Amino acid sequence: MKTDDTSTRDEPATVLVVEDEPRLVRLIETLLASTGHHVVVARDGQTAVEQAALEQPDLIILDLLLPGAIDGFEVCRRVREFSTVPIIMLTARAQEQDKLRGFSLGADDYVTKPFSARELLARVSAILRRSRGADESTGLIEIGDLIINQATYRVTVGDSEINLTPTEYRLLFTLAQHAGQVVPHRSLLSQVWGPEYSDEIEYLRTYIRYLRRKIEPDPERPRFILNRAGIGYFLSDGS
Ligand code: CA
């Protein structure tokens, strides 16, 4: 695997790598270190959850198949109880069910094994850029009784506080920036996930479903996130 064709360097980040296969751990460690990142390794689920709390990593790369009682899905679920750190899942095959289950537990992206150095580094880079770009603005966005506090990342609908994963938040925030206008599918994908994701319509559909479940009083009859079939989505004030 060649690592010398990666021209862009990210700001150094702490990355928690959760993987039990020694060869793969060494490979990922070498790759990330070569781009200036600090790597912490956990070889089982229990250690992974502890390290996530202790090290406060900027990113977690999480293998779904782990030895012991706690698998990758469970790690994801437990980490989400206390952290919004971005999580990239490693899946053995492109299994749709695994991906969707991971997303529903709060994972942000996935990489299918076997992956190339370039692919993994591109994903890492994209996700770090996204999570860092997210803290620039402050202030409140109010759309009907939906309120997004950009300083604290708190989202409320009426009196209820809504718990969103980082990706769900970015999607809602992007729609809110263009409230009342249709944002085309490709534009949403590119703003929320990055330009290299502009064809991943399945990501978008999945996350729209999660968001609706969380913010819509009746997800079957959405009043905030509305669909324009074949074009995109828009955020309405719910009236
Ligand atoms: Ca494994």
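Since this is a predicted model, take the numbers as computed values, not measurements.

S.K.: Would you take a moment to explain the coordination of the calcium ion for this structure?
M.R.: Tetrahedral coordination by four donors places them ideally at 109.5 degrees to one another around the metal; octahedral coordination by six donors ideally gives 90 or 180 degrees. In the first shell of the calcium ion, the protein supplies E19 (OE), D20 (OD), D63 (OD) and L65 (O), at 2.1 to 3.0 Å from the metal. The motif formed by the donor residues of the calcium ion, counted along the single chain, is E-D-x42-D-x1-L. On the criterion of sequence distance, the pair formed by D20 in the loop between β1 (14-18) and α1 (22-34) and D63 in strand β3 (residues 59-63) is long-range, its members being 43 residues apart. Here D63 falls in the buried class, since its relative accessible area comes to 3%.

S.K.: Would you explain the sheet that holds β1 in this entry?
M.R.: To summarise the sheet geometry, strands pair through backbone hydrogen bonds and adopt either a parallel or an antiparallel arrangement. Strands sit in the order β2-β1-β3-β4-β5 across an open sheet of 5 strands; the sheet is parallel. Looking along the sheet, the strands with just one partner apiece sit at the ends: β2 (38-42) and β5 (109-112). Mean inter-strand twist for the sheet, computed between neighbouring axes without regard to direction, equals 20°. Each of β1, β2, β3 and β4 (87-91) is contacted by α1, which is oriented at about 165° to β2, the strand it contacts most. Together, β1, β2 and β3 form the strand contacts of helix α2 (residues 45-55), whose direction differs from that of β2 by roughly 145°.

S.K.: Hey, could you run me through unusual backbone geometry in this one?
M.R.: Negative phi values dominate among residues other than glycine, just as trans dominates among peptide bonds. The step from K113 to P114 runs through a cis peptide bond, and the omega angle for that step is -5°. Of note in the backbone geometry, Y153 takes a positive phi value of approximately 65° without being a glycine.

S.K.: Looking at this structure, I do not really get the sheet that holds strand β10 (residues 183-184). What am I missing?
M.R.: Pairing in this open sheet of 3 strands is antiparallel, and the strands run β10-β12-β11 from one edge to the other. Here the strands that pair on one side only, and so sit at the sheet edges, are β10 and β11 (225-228). Taken together, the 4 bridges between β11 and strand β12 (residues 232-235) define a ladder with antiparallel strand orientation. Each bridged residue has a counterpart across the sheet, and for N227 the counterpart in β12 is Y233. Helix α6 (residues 166-177) contacts β10, β11 and β12 of the sheet and is inclined by roughly 75° relative to β12.

S.K.: Please clarify how the pattern of salt bridges should be interpreted in this entry.
M.R.: Pairing of side chains with opposite charge becomes possible as their charged atoms draw close. This model, assessed by the stated rule, comprises 12 salt bridges. Between R23 and E21 there is a salt bridge; the shortest N-O distance is 3.5 Å. A salt bridge links K214 to E168; the nearest nitrogen and oxygen atoms lie 2.7 Å apart. Of this pair, K214 sits in helix α8 (residues 201-215) while E168 sits in helix α6, placing them 46 residues apart in sequence.

S.K.: When you look at α6 in this model, what are you seeing that I'm missing?
M.R.: In this model, α6 (12 residues) spans 16 Å end to end at C-alpha, consistent with the 16 Å of a helix rising 1.5 Å per residue. Along α6, 11 of the 12 residues are buried, which leaves the element largely enclosed by surrounding structure.

S.K.: Sorry if this is basic, but what is going on with the packing of α6 against α8 here?
M.R.: Axes are the key here: two packed helices are described by the angle between their axes and the distance separating the axes. Look at α6 against α8: their axes get within 10 Å of each other, and the N-to-C directions meet at 85°. Classed by the angle they form, the pair α6 and α8 counts as roughly perpendicular. From α6, T167, E168, L171, L172 and L175 reach across to α8, where they touch L204, Y207, I208, Y210, L211, K214 and I215. Grouping the constituent residues of the contact of α6 with α8 by class yields 9 nonpolar, 1 polar and 2 charged.

S.K.: Before we go on, may I ask you to explain the confidence of the model for the chain in this structure?
M.R.: Where the model shows low pLDDT, its predicted coordinates should not be examined in detail. In this model, the chain carries an average pLDDT of 87, and 92% of its residues clear a pLDDT of 70 or more. Per-element confidence in the chain is highest for β1, whose mean pLDDT is 97, and lowest for helix α4 (residues 96-104), whose mean pLDDT is 82. Taken as a whole, residues 1-7 scores under 50 in pLDDT and shows 11 contacts with residues more than four places along the chain or in a different chain.

S.K.: Looking at this structure, I do not really get the environment of A52. What am I missing?
M.R.: Relative to the elements of secondary structure, A52 occurs in helix α2. The exposure class of A52 is buried, given its relative accessible area of 5%. Taking the C-alpha atoms as reference points, A52 and V18, 34 residues apart in sequence, are found 10.0 Å from one another. For A52, the residues in contact, after removing those within four places along its chain, are L16, P57, I60, V79 and F82.

S.K.: Looking at this structure, how should I read the side chain of Q51?
M.R.: Positionally, Q51 belongs in helix α2. Judged by its relative accessible area of 16%, Q51 is buried. The residues contacting Q51, other than those within four sequence positions of it, are L16, V40, V41, A42, Q56 and P57.

Analysis parameters
- Residues numbered from 1 in each chain as written.
- Predicted model: local features only at pLDDT ≥ 70, side-chain atom pairs only at ≥ 80, totals over all residues.
- Heavy atoms only, no water.
- Donors = N, O, S within 2.8 Å, 3.2 Å for Na, K, Ca; no water.
- Helix = DSSP H or I, 4+ residues; strand = E, 2+ residues; numbered from the N terminus.
- Buried < 20%, exposed > 50% of the residue type's maximum accessible area, 1.4 Å probe, protein only.
- Pairing = 2+ DSSP bridges.
- Axes fitted to C-alpha atoms, helices over the stretch in contact; angles between N-to-C directions.
- Contact = heavy atoms within 4.5 Å.
- Salt bridge = Lys/Arg side-chain N within 4 Å of Asp/Glu carboxyl O.
- Expected span 1.5 Å × (residues − 1).
- Parallel < 35°, antiparallel > 145°, perpendicular 65-115°, else oblique.
- Nonpolar A, V, L, I, M, F, W, Y, C, P; charged D, E, K, R; others polar.
- pLDDT = per-residue confidence, 0-100.

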